[in-house]
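Coordinates in review
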Amino acid sequence: MTTTTTVFQAKRIITQHAARPSATHVAVREGRILAVGNLADVAGWGPHTLDPRFADQVLMPGLVEGHCHLMAGTLWRYVYCGYFNAVDPDGKTWPGLVTLDDVVGALGQRAKATAADTAVVGWGFDPIYFGDRRCSRADLDRVSNTRPVAVLHASGHILNVNTVALELAGLLRQGVEHPGIPLGDDGLPTGELKGPDAMGPAFGHVGLSRNFLGGDEKGIRDFARLCVRAGVTTATDLAATLGDDEVATLTRLTGEGSYPVRIVPLLRLIGMSPADAVARAQVLAGQSTEQLRLGRIKVVADGSIQGFSARLRWPGYYNGKPNGLWYTAPETMREAYTLGLKAGVQIHTHTNGDEATELVLDCMQQALAASPALDHRYTLQHCQLADDAQFRRIKTLGMCVNLFANHHFYWGDQHYEVTVGPERASRMNATRSALNAGVPLAIHSDAPITPLGPLFTAWAAVHRLTASGRVLGEQQRITVEEALHAITLGAAYTLKLDGEIGSIECGKRADFCVLNDDPTAIEPSKLRDLAPWGTVQGGRVFKA
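Here the structure is a predicted model, which means the values were calculated and not measured.

Let us look at unusual backbone geometry. At the junction of Trp-314 and Pro-315, the peptide bond is cis and its omega measures out at 15° in the coordinates. Between Ala-447 and the following residue, Pro-448, the backbone shows a cis peptide bond with an omega angle of 15°. Inspection of the secondary structure puts Pro-448 in the loop between strand 19 (441-443) and helix 16 (454-463). Positive phi values are uncommon outside glycine, yet His-382 reaches one of about 80°. Take His-382: it is sitting in strand 17 (residues 379-382). Residue His-382 is classed as buried on the basis of its relative accessible area, which comes to 2%.

Spelled out as structure tokens, the structure:
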């Protein structure tokens, strides 16, 4: 049997491998890296085909998005209601909607264009940009008072619905007592539903129950198109339910020769016991393929800071809002960590507020005492308000962090002025503190919460600029090289895949991001403007 070797030539190859940080040629065989260096270095492996198509371009390791969601592809079938411009899988730019009336108008246009018996759904919405004005059921009744209308907040943690949707969900009544369901002066729910318990009853009535989080076939394919455009070759799905049908669909699609991205879905601990979740994760691990990596769990501790549903330590929210919501009970987290450590199942935990982070660290300390484990790499996702003392605890406990660097741009001004105030806003997503403490670091977009684009995320961590141009915590900036590590090898490390991806070296998967410019040679301010030409994934070439 003849084995084909392809040698890709590039103007420069950024390897993220200390032994050989730069090269011009990389040899690929059977989807893996055979050798990297100059042409003479790699030619020693025998007959090969030289592929010079990237001779004037730069290769770097395929980008690894360590926190995103397949619904970044699925949601585009609904009405985009975000404040900032966004680009869909077809490459069309959708303008941001900068007033509540704009949002109502866009939903109204969809209502006119669709059948009268279908729900009208929007996504990407966030009223924090509109000052103190919140969206109410009366606002969405302007879209329709005869069919359900809903708009999902950008955070994914809050859903606004109209009167019809509340009625269908059985929530339009006096006496509703739930911390995630605020009431109006009339004693009835305002239409704002916070957290999964509050949102759940409405989902099925607004068309968001089926294939919403994991994505159906079209959504999964659209997600892949977004990945190629962003230079991403490995991406997570941190809201997966991973039922048998969903796993079968993912296995089939990712197994196609034309599917360009490795998917790493995490099983969400919701609606099941910790023991059942760990057992399910172990079963799923046995179903992993090269392109679909299963067997990890995600726990959610609290909500979102800009939605005022995250759990903050004293003194709480800057504007005096009440503290947020607990999504998972402490005893449930502690049991999940204890069982997961014992079984060798990795767990990632969403924390936004510092009180949520503190609780997770306490639970993790207790779990490690009961189930000691080396190299577990349990990871805190977002971990936005962690302070230096917490990063020291994170290091001591052997944990990793994946910080939400994009937040500085999209919500930094609101955090400074409204949610947490100047001091705490300046140390949010404290990448420098994490590195100084020796904590393994990744950074992420949380797409579709913010657009998928690790190079933009790197820019955000390097500059920490808000949308208004304010520098939010200059002392927490990191270098371009550190940011590039965080979106490649750093993210791979948090997934326990750093032995396979994240750098360009012999034996690893032939995953590359193809760029027209060298991110280490351009002005750092232009990092956000780099548009990947495409990717090489497992030796297969995909043009954006």
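Turning our eyes to something else, we now look at the pattern of salt bridges. Counting across every chain of the model gives 36 salt bridges. Where Lys-194 meets Glu-192, a salt bridge forms, and the shortest distance between an N and an O atom there is 3.9 Å. Glu-192 shares its class with Lys-194; the two are buried. Of the charged contacts in the structure, one is a salt bridge between Arg-311 and Glu-355, with a shortest N-O distance of 3.0 Å. Taken as a pair, Arg-311 in the loop between strand 15 (296-300) and helix 10 (330-343) and Glu-355 in helix 11 (residues 354-370) lie far apart in primary sequence, 44 residues in all. On the basis of relative accessible area, Arg-311 is assigned to the buried category, the value being 16%. Salt bridges here are not isolated pairs; linked through shared partners, they connect Arg-262, Glu-290, Arg-293, Glu-500, Arg-509 and Asp-511.

Taken in spatial order, the 5 strands make up an open sheet running 6-9-10-11-12, and their pairing is mixed. Two strands lie at the open edges of the sheet, namely strand 6 (79-80) and strand 12 (192-194), each paired on one side alone. As defined by bridge partners, strand 6 adjoins strand 9 (residues 120-125) across 2 bridges and the pair is classed as parallel. Bridging across to strand 9, Tyr-80 finds its partner in Trp-123. Against the sheet, helix 3 (residues 100-113) engages strand 6, strand 9 and strand 10 (149-153), with an angle of about 145° to strand 9. Its contacts with the sheet place helix 6 (residues 195-203) against strand 10, strand 11 (158-161) and strand 12, and it is angled at close to 130° to strand 12.

So, about the packing of aromatic side chains. Tallying each qualifying case throughout the model produces 23 aromatic pairs. Ring geometry for Trp-76 versus Trp-94: centroids 6.5 Å apart, planes at 35°, classification tilted. Of this pair, Trp-76 sits in the loop between helix 2 (71-74) and strand 6 while Trp-94 sits in strand 8 (residues 93-94), placing them 18 residues apart in sequence. Judged by relative accessible area, Trp-76 falls into the buried class, the value being 16%. Taking the relative accessible area as the measure of exposure, Trp-94 reaches 31% and is therefore partly exposed. Both rings, one in Phe-409 and one in Tyr-410, keep their centres 5.0 Å apart while their planes meet at 90°; by these two values the pair is edge-to-face.

With that settled, the discussion passes to the packing of helix 10 against helix 11. Where helix 10 meets helix 11, the closest approach of the two axes is 8 Å, and the angle between their N-to-C directions is 40°. One finds that helix 10 runs oblique with respect to helix 11. Helix 11 is crossed by helix 10, and the crossing has right-handed handedness. Contacts from Pro-330, Met-333, Arg-334, Tyr-337, Thr-338 and Leu-341 of helix 10 reach helix 11 at Leu-359, Val-360, Cys-363, Met-364, Gln-366, Ala-367, Leu-368 and Ala-370. Its residues placed into classes, the contact of helix 10 with helix 11 shows 11 nonpolar, 2 polar and 1 charged.

Within the secondary structure layout, Ser-144 lies in the loop between helix 4 (137-141) and strand 10. A relative accessible area of 8% places Ser-144 in the buried class. A polar contact of 3.1 Å, which involves the side chain of Ser-144, links it to the backbone nitrogen of Thr-146. Discounting chain neighbours no more than four positions away, the residues touching Ser-144 are Val-149 and Asn-162.

Before going further, it helps to spend a moment on the state of the cysteines. Taken as a whole and assessed by the stated rule, the structure comprises 0 disulfides. The structure places no disulfide on Cys-135, whose sulfur is separated from the nearest cysteine sulfur, that of Cys-81, by 9.4 Å. For the unlinked cysteine Cys-227, the closest cysteine sulfur is that of Cys-68, found at 6.1 Å. Judged by relative accessible area, which is 0%, Cys-227 ranks as buried.

Once that is clear, we can look at the sheet that holds strand 14 (residues 262-268). A sheet is described by the order of its strands in space; here 8 strands give the open sequence 5-13-14-15-16-17-18-19, paired in parallel fashion. Both edges of this open sheet fall to strand 5 (63-65) and strand 19, since each of them pairs with a single strand only. When strand polarity is set aside, the average angle formed by the axes of neighbouring strands in this sheet is 25°. Pairing of strand 15 with strand 16 (residues 347-351), which is carried by 4 bridges, proceeds in the parallel orientation. Its bridge partner lying in strand 16, Val-299 is registered against Thr-349.

Our next topic: helix 13 (residues 407-419). In a regular helix each residue adds 1.5 Å, so 13 residues correspond to 18 Å; helix 13 covers only 13 Å between its end C-alpha atoms and thus falls short of that length. Its maximal kink placed at Asp-413, helix 13 deviates by approximately 30°. Counting buried residues along helix 13, 10 of its 13 residues qualify, which places the element largely inside the surrounding structure. Within helix 13, burial applies to His-407, His-408, Phe-409, Tyr-410, Trp-411, Gly-412, Asp-413, Gln-414, His-415 and Thr-419. Looking at the buried positions of helix 13, the neighbouring elements they touch are helix 14 (421-426) and helix 16. Just downstream of helix 13 lies Gly-421, where phi reads positive at about 85°.

What follows covers helix 16. Quick reminder: α-helices carry 3.6 residues per turn. Residues three or four places apart thus point the same way. With respect to burial, helix 16 is a largely interior element, 10 of its 10 residues being buried. Every buried residue belonging to helix 16 is among Pro-454, Leu-455, Phe-456, Thr-457, Ala-458, Trp-459, Ala-460, Ala-461, Val-462 and His-463, and all of these are buried. Directly after helix 16, the chain includes Arg-464, whose backbone phi takes a positive value near 55°.

Another aspect to go through is the packing of helix 9 (residues 274-285) against helix 10. Where helix 9 contacts helix 10, the two axes come as close as 9 Å, and the packing angle between them is 35°. As for how helix 9 packs across helix 10, the hand of that crossing is right-handed. Every residue of helix 10 that contacts helix 9 at Pro-274, Ala-275, Val-278 and Gln-282 is listed here: Thr-332, Glu-335, Ala-336, Leu-339, Gly-340 and Ala-343. Among the residues forming the contact of helix 9 with helix 10, the class breakdown is 6 nonpolar, 3 polar and 1 charged.

So, how was this worked out
All residue numbers refer to positions counted from 1 along the written sequence of the respective chain. In keeping with the model being predicted, local features are shown solely for residues with a pLDDT of at least 70 and side-chain atom pairs are shown and tallied solely at 80 or more, while totals for entire chains, interfaces and linings include all residues. Excluded from the side-chain calculations are hydrogens and water; all other atoms, namely the structure's heavy atoms, are used. A run of H or I in DSSP counts as a helix once it spans at least four residues, and a run of E counts as a strand once it spans at least two, with each numbered from the N terminus. Partly exposed describes any residue whose relative accessible area lies between the buried limit of under 20% and the exposed limit of over 50%, with all areas from a 1.4 Å probe on protein chains only and scaled to the type maximum. What makes a salt bridge here is a side-chain nitrogen of Lys or Arg within 4 Å of a carboxyl oxygen of Asp or Glu, nothing more. Any two strands between which DSSP finds at least two bridges are classified as paired. By definition, residues are in contact when any of their heavy atoms lie within 4.5 Å. Lines fitted to C-alpha atoms define the axes here, with helix axes fitted over just the stretch in contact, and angles between the N-to-C directions of these axes take values from 0 to 180 degrees. Between 30 and 60 degrees the pair is tilted, below 30 it is stacked and above 60 it is edge-to-face, where a pair is any two Phe, Tyr or Trp rings, Trp via its six-membered ring, whose centres lie within 6.5 Å. Each angle gets one of four labels, with under 35 degrees taken as roughly parallel, over 145 as roughly antiparallel, 65 to 115 as roughly perpendicular, and the rest as oblique. In this scheme the crossing of two helices becomes right-handed for a clockwise turn of the near helix relative to the far one and left-handed for an anticlockwise turn of less than a right angle. Classes in brief: Ala, Val, Leu, Ile, Met, Phe, Trp, Tyr, Cys and Pro nonpolar; Asp, Glu, Lys and Arg charged; the others, Gly included, polar. Whenever two N or O atoms come within 3.5 Å, that pair is a polar contact, provided that in protein one can donate a hydrogen and the other can accept it, and provided that, for residues adjacent in sequence, both atoms are side-chain atoms. We call a pair of cysteine sulfur atoms a disulfide whenever their separation is within 2.5 Å. What a helix should span is 1.5 Å times the count of its residues minus one. Two axes enter the definition of the bend at a residue: one is fitted to the seven residues ending there, the other to the seven starting there, and the bend is the angle between them.

Remember, this is a structural readout, not a statement about activity or role.
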